[in-house]
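So you can see what is in the structure, the chains are spelled out below.
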Amino acid sequence: HIQDPASQRLTWNKPPKSVLVIKKIRDASLLQPFKELCVYLTEENNMIVYVEKKVLEDPAIANDENFGPVKKKFCTFREDYDDISNQIDFIICLGGDGTLLYASSLFQGSVPPVMAFHLGSLGFLTPFNFENFQSQVTQVIEGNAALVLRSRLKVKVVKEHREKSPVQNGIEENGVVSASLEKEVGKQIMQYQVLNEVVVDRGPSSYLSNVDVFLDGHLITTVQGDGVIVSTPTGSTAYAAAAGASMIHPNVPAIMITPICPHSLSFRPIVVPAGVELKIMLSPDARNTAWVSFDGRKRQEICHGDSISITTSCYPLPSICFRDPVSDWFESLAECLHWNVRKKQNNFAVEEEE
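What counts and how
- Residues numbered from 1 in each chain as written.
- Predicted model: local features only at pLDDT ≥ 70, side-chain atom pairs only at ≥ 80, totals over all residues.
- Heavy atoms only, no water.
- 1 Å grid on protein atoms, 1.4 Å probe; cavity = no way out; pocket = protein on both sides within 12 Å on 5 of 7 lines; lining within 4 Å.
- Points joined across faces, edges and corners; volume = space filled by probe spheres on them.
- Helix = DSSP H or I, 4+ residues; strand = E, 2+ residues; numbered from the N terminus.
- Nonpolar A, V, L, I, M, F, W, Y, C, P; charged D, E, K, R; others polar.
- Domains from an automatic or database assignment.
- Patch = residues over 30% accessible without salt bridge, like charges linked within 9 Å, V, L, I, M, F, W, Y side chains within 5 Å.
- Areas by Shrake-Rupley, 256 points an atom, 1.4 Å probe, with all protein chains shown as cover.
- Salt bridge = Lys/Arg side-chain N within 4 Å of Asp/Glu carboxyl O.
- Lys, Arg positive; Asp, Glu negative; His and termini not counted.
- Charge placed at Lys NZ, Arg CZ, Asp CG, Glu CD.
- Buried < 20%, exposed > 50% of the residue type's maximum accessible area, 1.4 Å probe, protein only.
- Contact = heavy atoms within 4.5 Å.
- Buried area = accessible area lost by both parts, 1.4 Å probe.
- pLDDT = per-residue confidence, 0-100.
- Core = buried A, V, L, I, M, F, W, Y, C linked by side-chain atoms within 4.5 Å.
- Polar contact = N/O pair within 3.5 Å; in protein donor to acceptor, adjacent residues only side chain to side chain.
- Pairing = 2+ DSSP bridges.
- Axes fitted to C-alpha atoms, helices over the stretch in contact; angles between N-to-C directions.

**Notes on the layout of surface pockets**
In this structure, the second largest pocket occupies an estimated 400 Å³ of space. For the lining of the second largest pocket, the leading source of residues is helix α8 (residues 325–337), giving seven residues.

Here it is in structure tokens:
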């Protein structure tokens with residue numbers, strides 16, 4: 001039996017009490033929606049609202065005396081310092097798709113349901129309009145909403161023969177933030193949960209990248225080109241789509257491998273089953289190093305002997321739907337990417353009979 005995606009519904013074991021509000025930083029247009037939402041959550045729903053500390057440091061919020069009583073009720077946190085993973089019942093994002101990716105990065109384990117409002121430049125992952133936010137938020141609190149489980153990638157980066165640097169609270173001296181860090185003799189291991197894609201590219205080098213891709217321990221191909229994208233179905237409409245890959249509905253259990261400008265005319269993007277383990281390493285005869293990023297963040301260099309292991313995470317991101325998983329996805333294709341939009345062909349004119 002294959003489950004109908006439309007049958008996935010949000011259900012609460014007990015009424016939600018705490019909500020994390022994520023607001024895009026340095027965007028003046030979001031200040032008023034942010035204030036209205038927080039007032040509604042705290043005063044009308046008696047919710048405990050968590051907000052990132054740097055959001056409240058915005059002068060427009062810090063100097064607003066009318067907002068002061070609401071602000072005093074907030075619980076604040078700092079990224080990479082405070083662990084809030086077990087304190088949040090659900091998340092509300094205000095901004096573009098980047099706010100949802102940021103929410104994903106904050107939860108390296110289980111992720112609370114995410115309700116995302118499109119107030120940014122692109123609304124592919126953010127289906128809600130803010131105009132009727134009160135009734136929509138109330139429906140979510142009452143558990144009356146459809147849900148799509150967006151699979152994530154579990155990525156492990158193993159670096160060998162690197163100089164050891166002191167690690168305090170997950171932050172190295174050079175400022176590189178690691179989601180999970182473990183030191184071994186001659187090895188540095190980092191783990192990430194990725195919602196969109198892992199991108200391996202040639203970085204500043206003018207040479208082609210030359211990386212080997214293994215699947216379940218078997219070498220399947222060597223990528224010679226600008227790099228390779230390993231993405232989730234959610235990420236199939238992001239960088240992978242720009243590189244020529246197919247767009248895959250988020251309910252499809254799969255991992256996509258998409259070359260970036262490959263120097264081979266027959267190198268087509270492929271889809272492999274979710275759950276396989278991919279491993280990417282520099283080819284032994286590669287002329288230069290490669291660079292890797294995770295959802296556009298944590299960019300770092302990959303040298304000979306280093307490896308990137310990728311598989312499907314057991315912690316998906318539950319994304320709350322505006323209508324249902326199928327309607328939302330096709331609507332976003334039409335709205336954001338203008339999928340299959342063209343001028344229609346004229347029909348044949350019916351000639352009048354003489």
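**Description of empty space enclosed by the protein**
Under the defined criterion, the tally for this structure stands at one cavity of 30 Å³ or more. Taken as a whole, the largest cavity holds about 30 Å³ of empty space. Looking at the largest cavity, the residues that line it are Phe124, Leu125, Arg150, Pro233, Thr234, Thr237, Ile248, Pro250 and Trp329. The class makeup of the residues in the lining of the largest cavity is six nonpolar, two polar and one charged. Per-domain counts for the lining of the largest cavity show at least three residues from each of domain 1 (9–151 + 316–337) and domain 2 (152–162 + 177–315).

**Things to note about a positive patch on the surface**
Together, Lys154, Lys156, Lys187 and Lys279 give the surface a local cluster of positive charge. Along the polypeptide, Lys156 turns up in strand β7 (residues 153–160).

**What about the pattern of salt bridges?**
Following the criterion strictly, the structure yields six salt bridges and no others. Taking the shortest distance from any N to any O, the salt bridge between Glu79 and Arg297 comes out at 3.1 Å. On the criterion of sequence distance, the pair formed by Glu79 in the loop between β3 (75–77) and β4 (90–95) and Arg297 in strand β20 (residues 297–302) is long-range, its members being 218 residues apart. Here Arg297 falls in the partly exposed class, since its relative accessible area comes to 29%. In this structure, the salt-bridge partner of Asp201 is Arg299, at a minimum N-O distance of 2.9 Å.

**Quick word on the domain arrangement of the protein chain**
On domain assignment, one finds that the protein chain holds domain 1 (9–151 + 316–337) and domain 2 (152–162 + 177–315). Summarising the inter-unit geometry, the C-alpha centres of domain 1 and domain 2 are found 29 Å apart. Contact with domain 1, which involves 25 residues of that partner, is made by 23 residues of domain 2. Where domain 1 abuts domain 2, roughly 2,000 Å² becomes buried across the two surfaces, and 58% of that area is made up of carbon and sulfur atoms.

**Regarding the confidence of the model for the protein chain**
Residues of the protein chain with pLDDT of at least 70 account for 90%, and the chain-wide mean is 90. A low-confidence stretch, residues 168–177 stays under pLDDT 50, and its non-local contacts, those more than four residues away or across chains, total 19 contacts.

**Focus on the nonpolar core**
By size, the foremost hydrophobic cluster in this structure holds 32 residues, and its most contacted members are Phe34, Leu37, Leu41, Phe74, Ile92, Phe117 and Val137. Secondary structure elements with two or more residues in this core: β1 (18–23), α1 (31–44), β2 (48–52), α2 (53–56), β4, β5 (114–118) and α6 (133–141). If one sorts the elements of this core by residue count, α1 sits on top with six residues. Residues Val198, Leu215, Leu278 and Val292 belong to the second largest nonpolar core, which totals 29 residues.

**A closer look at the side chain of Ser283**
Summarising the element assignment, Ser283 is placed in the loop between β18 (278–282) and β19 (290–294). Judged by relative accessible area, which is 2%, Ser283 ranks as buried. Of note is the side chain of Ser283, whose polar atom sits 2.9 Å from the side chain of Asn210.

**So, the side chain of Thr311**
Structurally, Thr311 is set in strand β21 (residues 307–312). Separated by 2.9 Å, the side chain of Thr311 and the backbone oxygen of Val276 make a polar contact. Those residues within four positions of Thr311 in sequence are excluded, and the remaining contacts are Arg152, Leu153, Lys154, Ile255, Gly275, Val276 and Glu277.

**Remarks on the sheet that holds strand β15 (residues 227–231)**
If you trace the six strands from one edge of the open sheet to the other, you get β17-β16-β15-β12-β19-β20, paired in antiparallel fashion. At either margin of the open sheet sits one strand with a lone partner, and together these are β17 (270–273) and β20. The average angle at which neighbouring strand axes cross in this sheet is 20°, direction not considered. One ladder, built from four bridges, connects β19 with β20; its direction is antiparallel. Across the sheet, residue Trp291 finds its bridge partner in β20, namely Glu301.

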